[in-house]
Amino acid sequence: MSVFPIVRKEEIAPKFHRFVVKAPEIARKHRPGQFVMVLGGADAERIPLTIAASDRDAGTITLVVQEIGKTTMAMGQMKDGDAFMSVVGPLGTPTHIQKFGTVVCVGGGAGIAPLLPIAGGMKAAGNTVISILGGRTQELVILRDEMAASSDEILFTTDDGSFERKGLVTHALGDLIAQRGKPDLVVAIGPAVMMRAVAELTRKLAVPTLASLNSIMVDGTGMCGACRITVDGQTKFVCVDGPEFDAHLVDFDLLVKRLRMYLPEEQAARERFLASHECRALAGVSNG
């Protein structure tokens, strides 16, 4: 079986890790907006991760992982030279990139990683790219330098006011539109509640808006139906019909409910993982 070596791993923020992974075929075919299904090891859970960057010449892809549950916490303990058991992709429908005019890219938390190649693609297509990035604190507004290089202008917000403007990305977006007029397109990627708030704002102003959704996913090929959502009253599958959709047509309330379906099980798995690793860390330690 082929494995996918980790060429380089680094912590870019607390509980955020950047993996550069050897995957030549995926790197060659990757386009902005696409993702991969990653299996860390035999006992791991397969999870979707959006490709934050790819290097065709080096044959590598870059993945950004935030430690949230058991699987991502286990990934956080991997190191250079380790390997993922399976990386399948690129999957999903690529972002439609063309010259729209002014494109505002809104990213929150881990959503900044998948926004990076989209911002770069939009800028390369001749758009004026304005990025608005937010996080709870300064250190959680990730990939600032990389996003600045892919943007013509960049604005930052933090919930606690520790970096740049205190407030939410929607505050900055609303002020931007009020001051400069409506952009030609908004692309929003982040927590579902953030994307819902962006969609509510831009719907009132009739600004075309895309959202890249982060629903629960099992196989990534449309067979299991776990990632189903409702768009304009119709059932869609994020893995094959998306991950991007017209944000004004997405039933975000249903998406949020589905994302919370397994919270008790996820919490129990985290606790078991932490307990088992704490026991291993203490094994062999003598009180004498």
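This write-up is about the structure you can find in this document.

Conventions adopted
Residues numbered from 1 in each chain as written. Predicted model: local features only at pLDDT ≥ 70, side-chain atom pairs only at ≥ 80, totals over all residues. Heavy atoms only, no water. Helix = DSSP H or I, 4+ residues; strand = E, 2+ residues; numbered from the N terminus. Expected span 1.5 Å × (residues − 1). Buried < 20%, exposed > 50% of the residue type's maximum accessible area, 1.4 Å probe, protein only. Arc of directions from axis to C-beta. Contact = heavy atoms within 4.5 Å. Phe/Tyr/Trp six-rings, centres within 6.5 Å; stacked < 30°, edge-to-face > 60°. Lys NZ or Arg CZ within 6 Å of the ring centre and 35° of its normal. Salt bridge = Lys/Arg side-chain N within 4 Å of Asp/Glu carboxyl O. Axes fitted to C-alpha atoms, helices over the stretch in contact; angles between N-to-C directions. Parallel < 35°, antiparallel > 145°, perpendicular 65-115°, else oblique. Left-handed = near helix turned anticlockwise from the far one by under 90°. Nonpolar A, V, L, I, M, F, W, Y, C, P; charged D, E, K, R; others polar. Pairing = 2+ DSSP bridges. Right-handed = clockwise from strand over helix to strand, strands pointing away.

Section: helix α5 (residues 169-180)
(1) Moving on: End to end, α5 covers 16 Å across 12 residues, agreeing with the expected 16 Å (1.5 Å per residue, within 8%).
(2) Moving on: Those residues of α5 that sit buried are V169, T170, A172, L173, L176 and I177. For α5, the arc enclosing every buried residue in end-on projection is 160 degrees, short of the 170-degree limit, so these residues lie on one face. Facing away from the buried side of α5, by more than 90 degrees, are the exposed residues A178 and Q179.
(3) Moving on: Buried residues along α5 sit in contact with β8 (102-108), β9 (128-135), β10 (153-158), β11 (165-166), β12 (185-189) and α6 (192-205).
(4) Moving on: Backbone geometry just after α5 places G181 at a positive phi near 95 degrees.

Some thoughts on the packing of aromatic side chains
(1) Moving on: Counted under the stated rule, the structure contains 2 aromatic pairs.
(2) Moving on: Geometrically, the ring pair formed by F19 and F84 is tilted, given 5.5 Å between the ring centres and 55 degrees between the ring planes. Here F19 is found in strand β2 (residues 16-22), whereas its partner F84 is found in strand β6 (residues 83-84), with 65 residues between them in sequence. You'll find F19 and F84 in the same group, each marked buried.
(3) Moving on: One residue, R144, lies across the ring of F163, its end atom 4.8 Å from the ring centre.

Some thoughts on the environment of E271
(1) Moving on: Relative to the helices and strands, E271 resides in helix α9 (residues 263-282).
(2) Moving on: A residue is classified by how much of its surface remains accessible, and E271, at 47% relative accessible area, is partly exposed.
(3) Moving on: Through-space distance from the C-alpha of E271 to that of G126 is 48 Å; in sequence the pair is 145 residues apart.

Examining the pattern of salt bridges
(1) Moving on: Tallied over the full model, the rule gives 6 salt bridges.
(2) Moving on: Among the salt bridges present, the one from E10 reaches R18, with a minimum N-O distance of 3.0 Å.
(3) Moving on: With relative accessibility at 31%, the residue E10 sits in the partly exposed group.
(4) Moving on: Salt-bridge contacts for E153 lead to R180; the nearest nitrogen and oxygen are separated by 2.6 Å. Of the two residues, E153 sits in strand β10 while R180 sits in helix α5, which places them 27 residues apart along the sequence.

Things to note about the packing of α5 against α6
(1) Moving on: α6 packs onto α5 with a crossing angle of 20 degrees between their chain directions and a minimal axis gap of 10 Å. By the angle between their axes, α5 is roughly parallel relative to α6. As for how α5 packs across α6, the hand of that crossing is right-handed. Here V169, T170, L173, G174 and I177 of α5 lie close against α6, whose contacting residues are M194, A197, V198, L201, T202 and L205.
(2) Moving on: Residue composition of the contact of α5 with α6, by class: 8 nonpolar, 3 polar and no charged.

A few points about the sheet that holds strand β13 (residues 209-212)
(1) Moving on: With mixed pairing, the 7 strands of this open sheet are ordered in space as β11-β10-β9-β8-β12-β13-β16. Edge positions in the sheet fall to β11 and β16 (244-246), since each of these pairs with one other strand and no more.
(2) Moving on: The sheet contact formed by β8 and β9 spans 7 bridges and is parallel. Opposite G108, over in β9, you have G134 as the bridge partner.
(3) Moving on: Most of the contacts of α6 go to β12, to which it runs at about 160 degrees, and overall it touches β8, β12 and β13.

Digging into the pairing of β12
(1) Moving on: Burial analysis of β12 places 5 of its 5 residues in the buried class, which makes it a mostly covered element.
(2) Moving on: The side-chain alternation of β12 yields two buried faces, one formed by L185, V187 and I189 and the other by V186 and A188.
(3) Moving on: Taken together, the 5 bridges between β8 and β12 define a ladder with parallel strand orientation. Counterpart to V104 in the pairing with β12 is V186.
(4) Moving on: As defined by bridge partners, β12 adjoins β13 across 3 bridges and the pair is classed as parallel. What sits directly across from A188, in β13, is A211.
(5) Moving on: Crossover connection from β12 via α6 to parallel β13: handedness right-handed.

Points about the sheet that holds strand β4 (residues 47-55)
(1) Moving on: If you trace the 7 strands from one edge of the open sheet to the other, you get β6-β1-β2-β5-β4-β3-β7, paired in antiparallel fashion. Edge positions in the sheet fall to β6 and β7 (86-91), since each of these pairs with one other strand and no more.
(2) Moving on: Packing of helix α3 (residues 112-124) onto the sheet brings it into contact with β4 and β5 (60-66), and relative to β4 it is tilted by some 40 degrees.

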